[in-house]
Amino acid sequence: MNNPNDRHGETIAAKASHYLDVHSGAIVPEIQLSTTFARDDRYAPINPANLYARDDCPTYVHAERTLADLENGEECRLFPSGMAAIASVFYSLSPGSHVVLPDAMYWGARLWINDHCKRQDIFVSEYDPADAATIQAAVEDKNKTDLVWVETPSNPMMHVTDIALAAEIAHEYGALVCVDSTAATPVFTTPLDHGADLVMHSATKYLNGHSDVLAGALVTRDEHPLWEAICSERKMAGSVIGAFESWLLLRGMRTLYVRVQRAADNAMQIAQFLEQHPAIESVSYPGLKNHPGHAIACRQMQGGFGGLLSFTVHGDASAALKVAGGLQIITSATSLGGVESLIEHRYTLEPAENQIPENQLRLSVGIESAEDLISDLSEALKA
Ligand SMILES: Cc1ncc(COP(=O)(O)O)c(C=O)c1O
């Protein structure tokens, strides 16, 4: 596809899309802060690619090209947050459209999408993300379906959705498939290769990887009317990322493969440790053989299963909070995908109807020593 010379993702990320400034010889792009770009004496733009920074910023095209190449996509657009990327997809659908969502997904997105769709007369049906075959009944619900949303592995329940099956069913009904691949990252899954039409990332998470940039991204397999509407929406409604943030994101992506592989190796060791611990009720990690989506994960995740896992402790919410509170290395905080391990009690944050188990903790495993992380968990679980 678009991947230059079929190079490996490690090479594309480390070289940041083969950047080289032919004028200065710099191997790192400069941060272009100018919001506008000059024209010549005939009023022609000096560089036709750069007119005004509400869409044409020479800094963020480097991060966009790198991510498009990593996802084997045609084009990428960055946004000021993952939610802004999601919003641009749904703003681009017309009233009367029909969308199909998983009945368990990142709560913030589900909340906003449902609210937006209600206001815009967009019909929403739901399916079980652990069983992509249930998309069939959801698309048959309406005469025509426009979009099927997939989030795999899902946050925080760790459901694994079969992207190829989702795409097969969606395409039969003329619908596009967008995959929120935040937790998988292009290191482990390239959804476009499994039939998806769009990939979405909260780049705030693994892509940047240092918990210091809020960013979102969409990558398309090819040009289609929804993609044109998304690009126009970003430009005209001004949902653009800042030059410095996109530069930091590019810098973060250069080490994506080593960070994410290390986090996944740590997560596997921690999942295996927790699985046999007497204080633990259950562990949800796609890399474990007893995970209901393990076989699908083995098919669509190459080289690892990511750095995110959830587990339940024996007892109630206070037992879970006691474990989180007893940790010395792992920090209690929301978000995921940074180099530092974070633990979160989603039950405290989400409403009861989301049915998050009160004794569940979500762990975003970082790149610290696995031995230290396991001993931290071991001490906290003793309590
Ligand atoms: C899976 C997933 N998608 C989307 C988002 C939203 O991204 P952001 O916080 O960058 O707006 C999040 C945030 O936690 C997430 O976990």
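Residues numbered from 1 in each chain as written. Predicted model: local features only at pLDDT ≥ 70, side-chain atom pairs only at ≥ 80, totals over all residues. Heavy atoms only, no water.

## Remarks on the domain arrangement of the protein
Annotation of the protein at the domain level lists domain 1 (4-253) and domain 2 (257-382). Carbon and sulfur atoms make up 60% of the surface buried where domain 1 meets domain 2, a total of about 3100 Å² over both sides. Ionic pairing is found between Arg299 and Asp162, a salt bridge with its closest N-O pair at 2.8 Å. There are 14 residue pairs in polar contact (both at pLDDT 80 or more) connecting domain 1 and domain 2. Mapped by element, the contributors of at least two residues to the side of domain 1 that touches domain 2 are helix H1 (9-15), helix H4 (107-119), helix H6 (163-172), helix H7 (185-188) and helix H9 (243-253). (Domains from an automatic or database assignment. Buried area = accessible area lost by both parts, 1.4 Å probe. Salt bridge = Lys/Arg side-chain N within 4 Å of Asp/Glu carboxyl O. Polar contact = N/O pair within 3.5 Å; in protein donor to acceptor, adjacent residues only side chain to side chain. Helix = DSSP H or I, 4+ residues; strand = E, 2+ residues; numbered from the N terminus.)

## Observations regarding a nonpolar patch on the surface
Side chains of Leu20, Ile27 and Val28 sit close together on the surface and give an oily, nonpolar patch of about 280 Å² of accessible area. Along the polypeptide, Leu20 turns up in the loop between H1 and helix H2 (60-70). Overall, Leu20 belongs to the exposed group, its relative accessible area being 52%. (Patch = residues over 30% accessible without salt bridge, like charges linked within 9 Å, V, L, I, M, F, W, Y side chains within 5 Å. Areas by Shrake-Rupley, 256 points an atom, 1.4 Å probe, with all protein chains shown as cover. Buried < 20%, exposed > 50% of the residue type's maximum accessible area, 1.4 Å probe, protein only.)

## What to know about the site of the ligand
Inspection of the region around the ligand gives 13 residues, with Met83, Asp180, Ser202, Thr204 and Lys205 positioned closest. Separating a nitrogen atom of the ligand from a side-chain N or O atom of Asp180 is a distance of 2.7 Å. Thr204 has a polar side-chain atom sitting 2.6 Å from an oxygen atom of the ligand. Protein burial of the ligand: of its 390 Å² of free accessible surface, 90% is covered by the chains. Among the elements that make up the shell around the ligand, the one with the highest residue count is helix H3 (residues 82-91) (3 residues). (Near = heavy atom within 4 Å.)

## Focus: the nonpolar core
Core analysis: the biggest nonpolar cluster contains 86 residues, and Val148, Ile270, Leu274, Leu309, Phe311, Leu363 and Leu377 have the highest contact counts within it. In terms of residue count, the dominant contributor to this core is helix H10 (residues 256-275) (9 residues). Shared between two domains, this core takes at least three residues from each, and those domains are domain 1 (4-253) and domain 2 (257-382). Core analysis: the second largest hydrophobic core is formed by 25 residues, Phe90, Leu198, Leu226 and Trp227 among them. (Core = buried A, V, L, I, M, F, W, Y, C linked by side-chain atoms within 4.5 Å.)

## Focus: the pattern of salt bridges
Per the stated rule, a full pass over the model turns up 14 salt bridges. Among the ionic pairs, Arg42 bridges to Asp41, the shortest N-O distance being 3.9 Å. Assessed through its relative accessible area of 76%, Asp41 is described here as exposed. Between Arg362 and Glu344 there is a salt bridge, with the nearest N and O atoms lying 3.4 Å from each other. Taken as a pair, Arg362 in strand S12 (residues 360-364) and Glu344 in strand S11 (residues 342-344) lie far apart in primary sequence, 18 residues in all. Both residues of the pair, Arg362 and Glu344, belong to the buried class. The network of salt bridges with common partners includes Glu344, Arg346, Glu350 and Arg362.

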